[in-house]
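# Coordinates in review
Chain by chain, the residues:
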Protein chains: 2
Amino acid sequence: MHSFAEENYLKTILKLHLCGVQVITTNELAEAMHTKASSVTDMLKKLAAKKLLKYEPYKGCLLTNSGKTVATNTLRKHRLWETFLVNTLSFSWDEVHEVAEQLEHIQSDKLIQQLDVFLGFPTHDPHGDPIPQLDGKIAASPFFTLDKAKPDKQLVVCGVLNHSPDFLKYLTQYGIQIGSHLKMIQINAFDSSIALVLDQKQPLNLSKEVVKNLLVKYNTNQYE
Amino acid sequence: MHSFAEENYLKTILKLHLCGVQVITTNELAEAMHTKASSVTDMLKKLAAKKLLKYEPYKGCLLTNSGKTVATNTLRKHRLWETFLVNTLSFSWDEVHEVAEQLEHIQSDKLIQQLDVFLGFPTHDPHGDPIPQLDGKIAASPFFTLDKAKPDKQLVVCGVLNHSPDFLKYLTQYGIQIGSHLKMIQINAFDSSIALVLDQKQPLNLSKEVVKNLLVKYNTNQYE
DNA sequence: TAGCTTTTTTAGACAAGTCTAAATATTTTT
DNA sequence: AAAAATATTTAGACTTGTCTAAAAAAGCTA
Ligand SMILES: [Mn+2]
Ligand SMILES: [Mn+2]
Ligand SMILES: [Mn+2]
Ligand SMILES: [Mn+2]
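## Observations regarding the pairing of strand S5 (residues 181-187) of chain B
Residue and element names in this part refer to chain B. With three bridges joining them, strand S4 (residues 154-160) and S5 adopt antiparallel strand pairing. Across the sheet, the residue bridging to glutamine 154 is lysine 183, located in S5. Where S5 meets strand S6 (residues 194-198), five bridges bridge the pair, whose relative direction is antiparallel. Among the inter-strand pairings, lysine 183 is bridged to a residue of S6, identified as valine 197.

## Focus: the coordination of the manganese ion (ligand 2)
Residues and elements named next belong to chain A. Taken together, the protein donors to the manganese ion (ligand 2) comprise Glu82 (OE), Asp125 (OD) and His127 (ND1), at separations of 2.1 to 2.3 Å. Taken as a pair, the manganese ion (ligand 2) and the manganese ion (ligand 1) lie 3.7 Å from each other and share glutamate 82 as a ligand. Of the two residues, glutamate 82 sits in helix H4 (residues 65-87) while histidine 127 sits in the loop between helix H6 (109-119) and strand S3 (144-145), which places them 45 residues apart along the sequence. Judged by relative accessible area, histidine 127 falls into the buried class, the value being 2%.

## Here we look at the packing of helix H1 (residues 4-18) of chain A against helix H3 (residues 37-49) of chain A
All names here are of chain A. As a packed pair, H1 and H3 sit with axes 11 Å apart at the nearest point and diverge in direction by 95 degrees. Considering their axes alone, H1 and H3 lie roughly perpendicular with respect to each other. Of the residues in H3, those touching H1 at Ala5, Glu6, Tyr9 and Leu10 are Ser39, Val40, Met43, Lys46 and Leu47. The class makeup of the residues in the contact of H1 with H3 is six nonpolar, one polar and two charged.

## Topic: the coordination of the manganese ion (ligand 1)
Around the manganese ion (ligand 1), the protein contributes the donor atoms His78 of chain A (NE2), Glu82 of chain A (OE) and His97 of chain A (ND1), which lie 1.9 to 2.2 Å from the metal centre. Expressed as a motif, the donor residue spacing for the manganese ion (ligand 1) is H-x3-E-x14-H.

## Some words on the environment of aspartate 166 of chain B
Residue and element names in this part refer to chain B. Within the fold, aspartate 166 resides in helix H7 (residues 165-173). Here aspartate 166 falls in the exposed class, since its relative accessible area comes to 64%. Distance from aspartate 166 to lysine 110, taken between C-alpha atoms, is 35 Å for residues 56 residues apart in sequence.

## With respect to H7 of chain B
All names here are of chain B. Those residues of H7 lying buried are Phe167, Leu168 and Leu171. Angular distribution of buried residues about the axis of H7 spans 95 degrees; they occupy a single face of the element. Exposed residues pointing more than 90 degrees away from the buried face of H7 are listed as Asp166 and Gln173. Those residues of H7 that are buried are in contact with S4, helix H8 (208-211) and strand S8 (214-218). Just beyond H7, the residue with positive phi is glycine 175, at close to 80 degrees.

What counts and what doesn't
Residue positions are given per chain, counting from 1 as you read along its sequence in written order. Labels are handed out in written order, letters beginning with A for the chains and numbers beginning with 1 for the ligands. Totals for whole chains, interfaces and linings use all residues, but because this is a predicted model, local features are given only for residues with pLDDT of at least 70 and pairs of side-chain atoms are given and counted only at 80 or more. Side-chain numbers here rest on the full set of heavy atoms in the structure, without hydrogens or water. By the convention used here, strands pair only if DSSP detects at least 2 bridges between them. The way it works is that DSSP assigns letters per residue, a run of H or I at least four long becomes a helix, a run of E at least two long becomes a strand, and they are numbered from the N terminus. Only N, O and S atoms count as donors, using a 2.8 Å cut-off from the metal and 3.2 Å for Na, K and Ca, and because water is excluded some sites may appear unfinished. Relative accessible area decides the class of each residue, using a 1.4 Å probe on protein chains only: under 20% of the type maximum gives buried, over 50% gives exposed, and in between gives partly exposed. Orientation is described by axes fitted as lines to C-alpha atoms, over the contacting stretch for helices, and by angles from 0 to 180 degrees between their N-to-C directions. Oblique is the label for any angle not under 35 degrees, not over 145, and not in the 65 to 115 range, which are roughly parallel, roughly antiparallel and roughly perpendicular in turn. When checking whether two residues touch, look at their non-hydrogen atoms; a contact exists if any pair is within 4.5 Å. Here the nonpolar group is Ala, Val, Leu, Ile, Met, Phe, Trp, Tyr, Cys and Pro; Asp, Glu, Lys and Arg are the charged ones; every other residue, Gly included, is treated as polar. Note: the arc covers the axis-to-C-beta directions of the helix.

Following this line, the structure appears as structure tokens:
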């Protein structure tokens, strides 16, 4: 139906939209796609001709409903495959992205449907990102970054904003994973680093770069 | 590393080799690939330039060791994925081929390694074809077609030569699957059809077209 | 061996996707 | 408002893989 390249463009546009970018410019998209602006222009024309997005030269682009459907479905496949790789095939969360980039383009409704069943209808992928449902709905994230948390309250790690293997390995090394419990002690004014306690044990200091990429929530049901 | 097209050509050449075709001609390959002879010539030149096969104009082609490695690995991936689809995701054996044609091109050694572990190191795919092992070894088939069987001996269905969904659905409809037990009664001289008994119950008549595509073996351990 | 048929290769075209370099638009500065 | 800087698009080229039509080679036939 659609080529890998088309699906990749549409998915990237959707992800920029989900990150709050309203109008997507050619250069932004070129950077996100690791390609050149001229290539982006060519592709935007093609996608506009297929009515997958609206494109006004020099004005940027916006997904149409059918473009949104393709993009959401590709994102759903990506995140279901990442979940499969971690839950079923013992991959770590820093190894799955590259493989899921390939698997997300496999065309088979039955395959994805059965994968969803097999995995038990997961709602979030190994990075804490919501998995778009079959009807296209994507749950809004109720999480916030660690630097916004109030001190001395129990927190649970729920996701990451940066998905680079380096960052994910760094977290793993310090024992931080999805579901980890922690308590923010204080923000150090000097370098904006954060002092915290992990799993009621280790005190830990995290730089502002790390803290701004860690999604958490308050632990409401502490004895669950 | 290699494109989908290259992998498909190499895999098809290997499969022709495994079917006993010695020298593979341009037209044979074109028919097997559902493409034109001119396209085949172009690709053979490219694959020869990459030392994946030897190609002499007008003389046909032969895989080199490195070409054989790529082809075998692609076939291994195809058959492991088919096994996954049937065993884990509840596909039927007539639905898997098209999806496996896509999945066989995913590039990740760890993925295939872990899939193999997860599936329990299967030796045969859902059609009874041997799964090439990691070292490239492909088990020779000890099976024979039903028309070669001696009458009145217990047989076990072990594979199929024709993989078309029509044929596979036909077998399923008559209760024939891998592992089915049957006994050949007689060959009808008039139309070369075969009378047999399935699972110690139903008598059944199968046409010569069906019989020549059914692989069986003698049931040595009847009480296993 | 000359002539016909079949097979295979070559020539030239096209589509998808990308790139560099050059030309326009747009935005920001002065 | 004109000049300068930046963003975007266009022009032209290249790669991969495919096709049709024409040319060349190989294989038969008599
Ligand atoms: Mn990912
Ligand atoms: Mn993810
Ligand atoms: Mn198959
Ligand atoms: Mn098979």
